Amino acid sequence: MNVIAIDGPAASGKSSVAHLVAERLGWTFVNTGNMYRAMTWAILQRGVDPADSEGVARAAAEVSIDFDTANGQSTIRIDGRPPGPELTGDEVNKSVSIVAAVPAVRERLVASQRALAVLGPLVMEGRDIGTVVFPDAAFKFYIDASEEVRAARRRAQGHADSVGERDRLDTTRKTSPLVAAPDAIVIDSSHMTLPEVVEHVLAVLRGRGLASSSAW
Ligand code: CDP
Ligand code: CDP
């Protein structure tokens with residue numbers, strides 16, 4: 001299966017790493033966090049209380065959501081338009097882990113994520129890619145970093161985001177909790193730069209025989 005799964009907690013660097021690894025390989029980068037964020041935003045737009053899981057499940061079934069790929073990345077249209085900067089706003093930050101815990105939301109998005117694999121080889125980042133979405137992925141990474149470092153990274157990006165609270169919700173939910181797959185390579189990036197993490201991932205891939213090329 002041509003999928004590299006990259007999971008990890010909030011602000012561990014997994015989307016930056018996945019994006020850069022995909023670029024180096026010429027594979028398509030898929031950010032599944034944005035899918036949960038887009039779904040959360042659409043649900044909030046409908047005035048549904050995120051804590052009302054039945055209401056969330058009903059609304060999630062009504063939302064029109066389309067995924068595709070363009071220029072080496074996944075693209076989203078939600079209720080007919082591409083989502084904007086509201087995806088990383090406070091409202092979505094506060095509600096996304098509550099919405100993402102609803103099984104009907106996950107079923108819908110996981111089916112779309114699996115469907116993307118027919119479009120070509122993928123580097124997919126998220127929380128449950130190596131455990132649930134593609135448990136047979138040949139390459140799995142779990143990018144970690146201390147909570148302190150992750151909070152500092154998020155602050156440096158200019159986002160007020162309670163990463164600890166989202167981690168708590170993401171690791172304790174019943175459906176697809178955040179956990180490293182038993183066969184994932186765990187990288188603690190607390191004291192690593194982004195290029196160091198990327199080189200480490202590429203070295204592992206080469207070592208495991210992923211067609212090596214002088215280009216990467
Ligand atoms: O970028 P950051 O790590 O802060 O978050 P994200 O990847 O954008 O994901 C936002 C939220 O979506 C997470 O806190 C999870 O609650 C949820 N999520 C998930 O449940 N499963 C995924 N595969 C990806 C995200
Ligand atoms: O996707 P996730 O929320 O796990 O993290 P991200 O949005 O890719 O990265 C959060 C911030 O940490 C970005 O500004 C990265 O450049 C930075 N960073 C990193 O990702 N990895 C390091 N080893 C050092 C910094």
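Position numbers for residues count from 1 along each chain, tracking the sequence in the order it is written. Chains and ligands are labelled sequentially in the order written, the chains with letters from A and the ligands with numbers from 1. In view of the model being predicted, local features appear only for residues whose pLDDT reaches at least 70, and side-chain atom pairs are presented and counted only at 80 or more, with totals across whole chains, interfaces and linings using the full set of residues. Derived side-chain values reflect all non-hydrogen atoms in the structure, with water molecules and hydrogen atoms excluded from consideration.

**Here we look at the packing of helix α7 (residues 147-156) against helix α8 (residues 163-172)**
For the pair α7 and α8, interaxial distance at closest approach is 9 Å and the crossing angle is 120 degrees. Here α8 runs oblique to α7, going by the angle between their axes. Across the interface between the two elements, Glu147, Arg150, Ala151 and Arg154 of α7 pack against Val163, Gly164, Arg166 and Asp167 of α8. By the convention adopted, Pro, Cys, Tyr, Trp, Phe, Met, Ile, Leu, Val and Ala count as nonpolar, Lys, Arg, Asp and Glu as charged, and the other residues, Gly among them, as polar. A class-by-class count of the residues in the contact of α7 with α8 yields two nonpolar, one polar and five charged. Working convention: axes come from line fits to C-alpha atoms, limited for helices to the stretch in contact. Angles between N-to-C directions cover 0 to 180 degrees. For the purposes of this entry, the term helix denotes a DSSP run of H or I that reaches at least four residues, the term strand denotes a run of E that reaches at least two, and both are numbered from the N terminus. Should an angle fall under 35 degrees it is taken as roughly parallel, and over 145 as roughly antiparallel, whereas 65 to 115 is taken as roughly perpendicular and any remaining angle as oblique. Only heavy atoms matter for contacts: two residues are in contact if any of them lie within 4.5 Å across the pair.

**Topic: the pairing of strand β5 (residues 122-126)**
Remark: exposure states derive from per-residue accessible area (1.4 Å probe, protein chains only) relative to the maximum for the residue type, with buried under 20%, exposed over 50%, and partly exposed in between. Counting buried positions over the five residues of β5 gives five, a clear majority of the element. In short, DSSP must find at least two bridges between two strands for them to pair. As paired elements, strand β2 (residues 28-31) and β5 share four bridges and run parallel to each other. Directly across from Phe29, in β5, lies its bridge partner Val123.

**Let's talk about the side chain of Ser190**
With respect to the secondary-structure elements, Ser190 resides in the loop between β7 (185-188) and α9 (194-207). The exposure class of Ser190 is buried, given its relative accessible area of 13%. At 2.9 Å, the side chain of Ser190 forms a polar contact with the backbone nitrogen of Ser146. Among the polar contacts made by the side chain of Ser190, one reaches the side chain of Asp188 at a distance of 2.7 Å. Excluding anything up to four places from it in sequence, Ser190 contacts Asp144, Ala145, Ser146, Val149 and Arg153. By the criterion applied in these results, polar contacts are pairs of N or O atoms within 3.5 Å in which, for protein atoms, one can donate a hydrogen and the other can accept it, and in which residues neighboring in sequence qualify only through two side-chain atoms.

**As for the environment of Lys174**
Its location among the elements puts Lys174 in the loop between α8 and β7. Each C-alpha atom, one on Lys174 and one on Ile143, is 22 Å from the other, the two residues being 31 residues apart in sequence.

**A word on the site of ligand 2**
In the neighbourhood of ligand 2, 15 residues make up the surrounding shell, with Ala11, Lys14, Ser15, Ser16 and Met192 lying closest. The separation between a nitrogen atom of ligand 2 and a polar side-chain atom of Arg153 is 3.3 Å. A distance of 3.4 Å is found between a nitrogen atom of ligand 2 and a backbone nitrogen or oxygen belonging to Leu194. Method for areas: the Shrake-Rupley scheme with a 1.4 Å probe, in which residue coverage is limited to the protein chains shown. Look at ligand 2: alone it shows 530 Å² of surface, and the protein chains cover 80% of it. Every element with two or more residues in the shell around ligand 2 is listed here: α1 (14-25), α7 and α9. Here a residue counts as near a molecule or strand whenever at least one of its heavy atoms sits within 4 Å of it.

**Section: the site of ligand 1**
Around ligand 1, 18 residues are found, and the nearest of them are Lys14, Arg37, Arg154, Arg166 and Asp170. Measuring from a nitrogen atom of ligand 1, one finds a side-chain N or O atom of Asp128 at 2.9 Å. In this structure, Arg154 approaches ligand 1 through a side-chain N or O atom, which is 2.3 Å from an oxygen atom. For the shell around ligand 1, the secondary-structure elements that each account for two or more residues are α2 (32-45), α4 (90-100) and α8. Per-element tally for the shell around ligand 1: the top contributor is α2, with four residues. Tallied by class, residues from the shell around ligand 1 come to five nonpolar, four polar and nine charged.

**Some details on the pairing of strand β6 (residues 139-144)**
Counting buried positions along β6 gives five out of six residues, so the element sits mostly inside the fold. Pairing of strand β1 (residues 3-7) with β6 involves four bridges; the strand directions are parallel. For Ile4, the partnering residue across the bridge sits in β6 and is Phe139. Here β6 runs beside β7; their pairing, made up of four bridges, is parallel. Among the inter-strand pairings, Ile143 is bridged to a residue of β7, identified as Ile187.

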